Amino acid sequence: MGTLGLWSLVRFLHVTGAVLWVGGQLALTLVVLPLARRMLSMEARDRFAAEAGRRFGLLTGTVFLPLQLATGWAVAWHKGVTWASLAEPGYGRTLATKLGLFVLVMLAAAGHGIAYSKGRAELARALAVVSLVGSLGIVLLATALPAT
C-alpha cells in the first residue's frame, strides 16, 4: 500500500465530488421526486420539484462543477496529459471520451433547466435522463483510468 500524499488528497476530492454529484442526481431521481409525485398535490409537487432542481443546480454550479474541473485538471497535469496525448490509445482516448461526455452532460443539464423554465416538461425530463445516464457513463469511464 502506498503512502497518502497531496495527489491522493486531490484524487480523493475528485472522486468524492463525483460521488456526491452523481449520487445527488440518483437520490433526486429515484427517491425524492417519486415520493413528491405520490405525496404532494400537483401545485405543491411542481413548486417542490422547481425548488429542489434550483438548489441542486446552485450546488452543482458553486461546488461540484468547480471542484471537478479543478481537481480533474490537476490530476491530468500531474499525469502529464497534453492535448496531443488525448488522441493516444489507452489513457488519452479514455480521458478524451470522458471529457466529451462531461461536456454533453453539462449541455443536457443546462437544456433541462431551460426546458423546465419554459414549461416543456417532457423535454426537461428527457434531458434530465440524458444527464443522469451520461453522468453514470462518466463514472464508468473514470473507473477505466489508472490511478495516479
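One can find the structure itself at the top, above this paragraph.
Residues numbered from 1 in each chain as written. Predicted model: local features only at pLDDT ≥ 70, side-chain atom pairs only at ≥ 80, totals over all residues. Heavy atoms only, no water.

Trainee: Looking at this structure, I do not really get the nonpolar core. What am I missing?
Mentor: If you look at the biggest cluster of nonpolar residues, it comprises nine residues: Trp21, Leu28, Ala52, Phe56, Phe64, Phe102, Val105, Met106 and Ile138. At the level of secondary structure, the elements contributing two or more residues to this core comprise helix H1 (6-39), helix H2 (42-79) and helix H3 (91-117). Setting aside residues up to four positions removed in sequence, Val105 forms contacts with Trp21, Ser131, Gly134, Ser135 and Ile138. Of all hydrophobic cores here, the second largest spans five residues; its members include Ala76, Leu86, Tyr91 and Leu95. (Core = buried A, V, L, I, M, F, W, Y, C linked by side-chain atoms within 4.5 Å. Buried < 20%, exposed > 50% of the residue type's maximum accessible area, 1.4 Å probe, protein only. Helix = DSSP H or I, 4+ residues; strand = E, 2+ residues; numbered from the N terminus. Contact = heavy atoms within 4.5 Å.)

Trainee: Whenever I open this one, the pattern of salt bridges confuses me. Can you help?
Mentor: In this structure the tally under the stated criterion is four salt bridges. Among the salt bridges present, the one from Glu51 reaches Arg54, with a minimum N-O distance of 3.4 Å. Of the two residues, Glu51 and Arg54 are both situated in helix H2; the distance of three residues between them amounts to about one turn of the helix. When its relative accessible area of 33% is taken as the criterion, Glu51 is described as partly exposed. (Salt bridge = Lys/Arg side-chain N within 4 Å of Asp/Glu carboxyl O.)

Trainee: Is there a simple way to explain H3 in this structure?
Mentor: Residue pairs spaced three or four apart in an α-helix point in one direction, given the helix's 3.6 residues per turn. With 27 residues, H3 extends 39 Å between its outermost C-alpha atoms, agreeing within 8% with the 39 Å of an ideal straight helix rising 1.5 Å per residue. Those residues of H3 that sit buried are Tyr91, Gly92, Thr94, Leu95, Lys98, Phe102, Val105, Met106, Ala108, Gly111 and Ala115. Here the buried face of H3 lies against H1, H2 and helix H4 (121-144). Looking at the residues trailing H3, positive phi occurs at Gly119, about 75 degrees. (Expected span 1.5 Å × (residues − 1).)

Trainee: How should I be thinking about the packing of aromatic side chains in this particular structure?
Mentor: Geometry of an aromatic ring pair is reported as the spacing of the ring centres plus the angle between the planes. In this structure the tally under the stated criterion is four aromatic pairs. For the ring pair Trp21 and Phe102, a centre distance of 6.0 Å and an interplane angle of 65 degrees mean the geometry is edge-to-face. Of this pair, Trp21 sits in helix H1 while Phe102 sits in helix H3, and the two are 81 residues apart along the sequence. With a centroid separation of 6.2 Å and 50 degrees between ring planes, the pair formed by Phe56 and Phe64 is classed as tilted. Neither residue differs from the other here; Phe56 and Phe64 are each classed as buried. Stacked on the ring of Tyr91, the Lys or Arg Lys79 has its end atom at 4.8 Å from the ring centre. (Phe/Tyr/Trp six-rings, centres within 6.5 Å; stacked < 30°, edge-to-face > 60°. Lys NZ or Arg CZ within 6 Å of the ring centre and 35° of its normal.)

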